[in-house]
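Read off the chains here:
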Amino acid sequence: MLNILSECSATVCKSLQGLDYITANGSKAFDDLCAAVPRLQKCGSVSRESKDESQSLLKSGKHYLKSDYKVHVSRSSTVAEHCSTFSLSDEAKDKCFSSTCDHTHNDVCPQCEALNNVLADIGDVFNNDPIAIAEDELVACGLHKMPKSWKGHQLRSITQDESRLDVLRRLDQSSVLITNDWAIKYNHFYLRSTGNHSGTGLQNEGSPGTSA
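What counts as what
- Here, residues in each chain are numbered from 1, in the same order as that chain's written sequence.
- The model is predicted, so local features are restricted to residues of pLDDT at least 70 and side-chain atom pairs to those at 80 or more, both for listing and for counting; the totals for chains, interfaces and linings are taken over all residues.
- The basis for every side-chain value is the complete set of heavy atoms in the structure, and neither hydrogens nor water enter the calculation.
- Runs of H or I in DSSP of at least four residues are treated as helices and runs of E of at least two as strands, each being numbered from the N terminus.
- Each residue gets one of three labels from its accessible area relative to the maximum for its type: buried under 20%, exposed over 50%, partly exposed in between, using a 1.4 Å probe on protein chains only.
- The contact criterion used is simple: two residues touch if any of their non-hydrogen atoms lie within 4.5 Å.
- By definition here, a salt bridge exists when the distance from a side-chain nitrogen of Lys or Arg to a carboxyl oxygen of Asp or Glu is within 4 Å.
- Under the rule applied, a polar contact is a pair of N or O atoms within 3.5 Å (in protein, one hydrogen donor and one hydrogen acceptor; residues adjacent in sequence only if both atoms are side-chain atoms).
- The definition of a nonpolar core used throughout is a set of buried Ala, Val, Leu, Ile, Met, Phe, Trp, Tyr and Cys residues joined through side-chain atoms within 4.5 Å.
- For patch building, the residue pool is restricted to those with more than 30% relative accessible area and no salt bridge; the joining distance is 9 Å between like charges and 5 Å between nonpolar side chains (Val, Leu, Ile, Met, Phe, Trp, Tyr).
- Shrake-Rupley sampling with a 1.4 Å probe provides the accessible areas, and residues are treated as covered by the protein chains on show and by no other component.
- Any two of the Phe, Tyr and Trp rings considered here, Trp counted by its six-membered ring, make a pair once their centres fall within 6.5 Å; the pair's planes then place it as stacked at under 30 degrees, edge-to-face at over 60, or tilted in between.
- What a helix is expected to span follows from its residue count: subtract one and scale by 1.5 Å.
- Axes here refer to lines fitted to C-alpha atoms; in helices the fit is confined to the stretch in contact. Angles between the N-to-C directions go from 0 to 180 degrees.
- In this scheme, roughly parallel covers angles under 35 degrees and roughly antiparallel covers those over 145, while 65 to 115 is roughly perpendicular and the rest are oblique.
- By convention, the crossing between two helices is left-handed when the near helix turns anticlockwise from the far helix through less than a right angle, and right-handed when the turn is clockwise.
- Any residue outside Ala, Val, Leu, Ile, Met, Phe, Trp, Tyr, Cys, Pro, Asp, Glu, Lys and Arg is labelled polar, Gly included; the first ten of those are nonpolar and the last four are charged.

**Remarks on the overall build of the protein chain**
Okay, so step 1: Of the regular secondary structure elements, the protein chain holds ten helices and zero strands.
Okay, so step 2: Ordering the α and β elements of the protein chain from the N terminus gives α-α-α-α-α-α-α-α-α-α.
Okay, so step 3: By the burial criterion, 36% of the 212 residues in the protein chain qualify as buried.
Okay, so step 4: Across the protein chain, contacts joining residues at least 24 apart in sequence account for 71% of those joining residues at least 6 apart.

**Topic: the pattern of salt bridges**
Okay, so step 1: Applying the stated rule across the entire model yields six salt bridges.
Okay, so step 2: For the salt bridge of Asp 31 with Lys 62, the shortest nitrogen-to-oxygen distance reads 2.9 Å. Highlighted residues: Asp 31 in helix α2 (residues 21-42) and Lys 62 in helix α3 (residues 48-66), separated in sequence by 31 residues.
Okay, so step 3: Overall, Asp 31 belongs to the partly exposed group, its relative accessible area being 41%.

**Structural notes on the side chain of Lys 62**
Okay, so step 1: Judged by relative accessible area, which is 18%, Lys 62 ranks as buried.
Okay, so step 2: At a separation of 3.4 Å, a polar atom in the side chain of Lys 62 contacts the side chain of Ser 27.

**Some thoughts on the nonpolar core**
Okay, so step 1: One finds Leu 58, Leu 65, Tyr 69 and Ile 122 to be the most contacted residues of the largest nonpolar core, which totals 26 residues.
Okay, so step 2: Those elements giving two or more residues to this core turn out to be α2, α3, α6 (110-128) and α9 (146-170).
Okay, so step 3: Among the elements that take part in this core, α6 stands out by supplying seven residues, more than any other.
Okay, so step 4: Residue contacts for Ile 122: discarding those within four places in its chain leaves Leu 33, Val 37, Leu 58 and His 144.

**So, the environment of Phe 126**
Okay, so step 1: Its location among the elements puts Phe 126 in helix α6.
Okay, so step 2: Separated by 81 residues in the primary sequence, Phe 126 and Ser 45 place their C-alpha atoms 9.1 Å from one another.

**A word on a nonpolar patch on the surface**
Okay, so step 1: On the surface, a nonpolar cluster with roughly 340 Å² of combined accessible area is contributed by Leu 165, Val 167, Leu 168, Leu 171 and Leu 177.
Okay, so step 2: Its location among the elements puts Leu 165 in helix α9.

**Remarks on the packing of aromatic side chains**
Okay, so step 1: Following the criterion strictly, the structure yields two aromatic pairs and no others.
Okay, so step 2: Ring geometry for Tyr 64 against Tyr 69: centres 5.9 Å apart, planes inclined by 65°, an arrangement best described as edge-to-face. Across the pair, exposure class does not vary: Tyr 64 and Tyr 69 are buried alike.

**Quick look at the environment of Pro 38**
Okay, so step 1: Note that Pro 38 resides in helix α2.
Okay, so step 2: Once residues lying within four places of it in the same chain are set aside, the contact partners of Pro 38 are Lys 51 and Gln 55.

**Things to note about α6**
Okay, so step 1: Taking 1.5 Å of rise per residue, the 19 residues of α6 would be expected to cover 27 Å, and the 27 Å separating its terminal C-alpha atoms lies within 8% of that figure.
Okay, so step 2: All buried positions along α6 are accounted for by Cys 112, Leu 115, Asn 116, Val 118, Leu 119, Ile 122, Gly 123, Val 125 and Phe 126.

**Observations concerning the packing of α2 against α6**
Okay, so step 1: Orientation of α2 relative to α6, taken along the N-to-C sense of each, is 50°, at an axis distance of 12 Å. By the criterion of interaxial angle, the relationship of α2 to α6 is oblique. Seen from above, α2 lies across α6 with left-handed handedness. Seen from α2, the contacting residues are Phe 30, Leu 33, Val 37 and Leu 40; seen from α6, they are Leu 115, Leu 119, Ile 122, Val 125 and Phe 126.
Okay, so step 2: A class-by-class count of the residues in the contact of α2 with α6 yields nine nonpolar, no polar and no charged.

**A look at the packing of α2 against α9**
Okay, so step 1: Where α2 meets α9, the closest approach of the two axes is 8 Å, and the angle between their N-to-C directions is 145°. Seen from above, α2 lies across α9 with left-handed handedness. Residues Ile 22, Thr 23, Asn 25, Gly 26, Ser 27, Ala 29, Phe 30 and Leu 33 of α2 form the contact with α9, whose own contacting residues are Met 146, Pro 147, Ser 149, Trp 150, His 153 and Arg 156.
Okay, so step 2: For the contact of α2 with α9, a count of residues per class yields seven nonpolar, six polar and one charged.

What follows is the structure, given as C-alpha cells:
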C-alpha cells in the first residue's frame with residue numbers, strides 16, 4: 001500500500017458545481033479563453049505578441065478575482081469598480097435601491113483595467129472577424145463575458161455577507177438564523193438555470209451602475 005501511495009499520491013478534488021456555479025463557470029471561462037487565444041493566432045486573427053500578452057493578462061486576471069479583488073472592495077472607494085455603493089446602485093431601475101456616494105471616482109485599478117481591456121479586445125475580435133467566429137463559435141457566443149459575471153458575483157457576495165453578519169449580531173436567545181443559500185444555488189444548477197440574474201438595483205455582469 002505504501003508503495004502504491006508513493007507512486008500515486010492522494011489528491012483532494014473540490015467540485016464547485018452546485019455549490020457556487022457562477023464561480024465555477026467564471027473560472028472555467030478564463031481557462032477556455034486562454035485555450036482559444038492560440039487558435040485565434042493560428043487563423044491569423046491575432047498576432048503572436050498579442051496572443052502571449054492576452055494569455056498572460058487572462059491568467060493574471062483570474063488570479064486577481066480569486067484573491068485580491070475582494071480585499072479591494074469597500075463601501076467607499078475612489079475606484080468605481082471597488083466601490084460597492086456605486087457599483088450596486090441602479091437609479092434607472094429603482095431609486096429606492098440607489099445610494100449617493102460622498103466622494104468622486106477618479107482613480108483606476110490597474111488590475112481591473114487590464115482585465116477589462118483584454119476581455120474587450122477578445123470580444124472585438126469575435127464581433128468583427130468572421131474567421132474568428134467560424135473558428136470558435138463557443139467563444140463567439142459570449143464566453144468572454146462570463147468573467148465579468150464572476151466579478152459581479154464576487155461584488156454581490158461581499159455585500160450579502162455583510163448583511164448576514166449584521167443579522168448575526170442582532171440575534172438573541174429567542175431568535176434563530178436559518179440559511180438555505182446552498183439549496184438555492186443547487187436548485188438553479190439542477191434546473192439548468194444560467195444564474196445571470198440579480199435583484200432589483202444590482203448590476204448584471206458586475207458592470208458599474210450609476211450613482212444616485
